[in-house]
Amino acid sequence: MSTNPPGNFIPGGHTVPAGHGWTWIARAWDLFKRAPALWIGMVLAFVVISCGLALIPILGSLISFALGPVFGAGFAIGCRALDEGGKLKFSHLFAGFQTRFGTLVAVGLLYLAALFVVLLVVGLICGVSMFAIFRGGADPANIGAAFATMVLAFLVATALMLPVAMAIWFAPPLVVFNELGAFDALKSSFLGCLKNMVPFLIYGLILFGFAILASIPFGLGWLVLAPVIGASIYTAYRDIYFG
């Protein structure tokens, strides 16, 4: 990779060839190979922190969502350091706390709000339908209708979660590297993903295959795959938003 982004920043991103879905992963692997032990250590530290927050009722989950983009920004900053010929440091994991922290937290809170809306919509669809179904009795017809309602709820949740995932995917690097506000970063991330649905399809299929392999040896492969996925967000960001 070159030292600097190849060209000017494109706020909404631009379309790249389909094969770049694999290129993002290959370049991420190259970043991982430069400091594998440190990458794994950072991932383990993040998991420990997340598990610790999960032990705090309600508030812990809220904090996790709020800090998710902050840690994501830290991983991106670490990737840029390697990309520019520098060294990865464990402190990069916490770099987001020192770089546009408030905006990153705002991104996390907007993400949480979007998830709440999705759960509310799905709950209304599923809850009202299930009440009407079981009110009529637990005969086979009603049980079948209940199953159909659950399938519908799953499909609706998937359809609603896709744009939410697209909006959050590139938001952290857009905030810390390009100084976008929370809403503008979410919007730009969504547009960048939307313009590259085909590369993302290839990217997702490849990672799905790797995820199966990583899960076979007691899930130990995720110690490698997780940081590679994290680095691939940065490599895809560079590819899509600079031209």
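The structure reproduced in this document is the subject of the present report. Keep in mind that this is a model prediction, so the values were computed, not measured. (Residues numbered from 1 in each chain as written. Predicted model: local features only at pLDDT ≥ 70, side-chain atom pairs only at ≥ 80, totals over all residues. Heavy atoms only, no water.)

1. Section: a nonpolar patch on the surface
- A surface patch of nonpolar side chains, about 650 Å² in accessible area, is lined by Trp22, Phe208, Phe210, Ile212, Leu213 and Ile216.
- Element by element, the count of residues in the nonpolar patch is highest for helix H8 (residues 197-215), at 4 residues.
- Along the polypeptide, Phe210 turns up in helix H8.
- Exposure remark for Phe210: the relative accessible area of 32% places this residue in the partly exposed category. (Patch = residues over 30% accessible without salt bridge, like charges linked within 9 Å, V, L, I, M, F, W, Y side chains within 5 Å. Areas by Shrake-Rupley, 256 points an atom, 1.4 Å probe, with all protein chains shown as cover. Salt bridge = Lys/Arg side-chain N within 4 Å of Asp/Glu carboxyl O. Helix = DSSP H or I, 4+ residues; strand = E, 2+ residues; numbered from the N terminus. Buried < 20%, exposed > 50% of the residue type's maximum accessible area, 1.4 Å probe, protein only.)

2. Describing unusual backbone geometry
- Positive phi outside glycine occurs at Ile58, with the angle close to 60 degrees.
- Since its relative accessible area comes to 70%, Ile58 is described here as exposed.
- Positive phi values are uncommon outside glycine, yet Glu179 reaches one of about 60 degrees.
- Among the structural elements, Glu179 can be located in the loop between helix H6 (171-178) and helix H7 (182-194).
- Accessibility expressed as a relative area gives 59% for Glu179, which makes it exposed.

3. Comments concerning the packing of aromatic side chains
- Taken as a whole and assessed by the stated rule, the structure comprises 23 aromatic pairs.
- Each ring, one from Phe46 and one from Phe71, has its centre 5.3 Å from the other, and the planes form 65 degrees; the classification is edge-to-face. Taken together, the positions of Phe46 in helix H2 (residues 36-54) and Phe71 in helix H3 (residues 59-83) put the pair 25 residues apart, joining distant regions of the chain.
- The partly exposed category is assigned to Phe46, whose relative accessible area is 28%.
- Look at Phe170 and Phe200: their rings are 6.0 Å apart centre to centre, the planes differ by 55 degrees, and that puts the pair in the tilted class. Of this pair, Phe170 sits in the loop between helix H5 (140-169) and H6 while Phe200 sits in helix H8; the two residues are 30 residues apart in sequence, bridging distant segments of the chain. The pair Phe170 / Phe200 is uniform in exposure class, with both members buried.
- A network of ring pairs unites the aromatic residues Phe9, Trp24, Trp169, Phe170, Phe177, Phe200, Tyr203, Tyr234, Tyr237, Tyr241 and Phe242 as a single cluster. (Phe/Tyr/Trp six-rings, centres within 6.5 Å; stacked < 30°, edge-to-face > 60°.)

In short, the description is geometric, and any link to function would need to be established separately.
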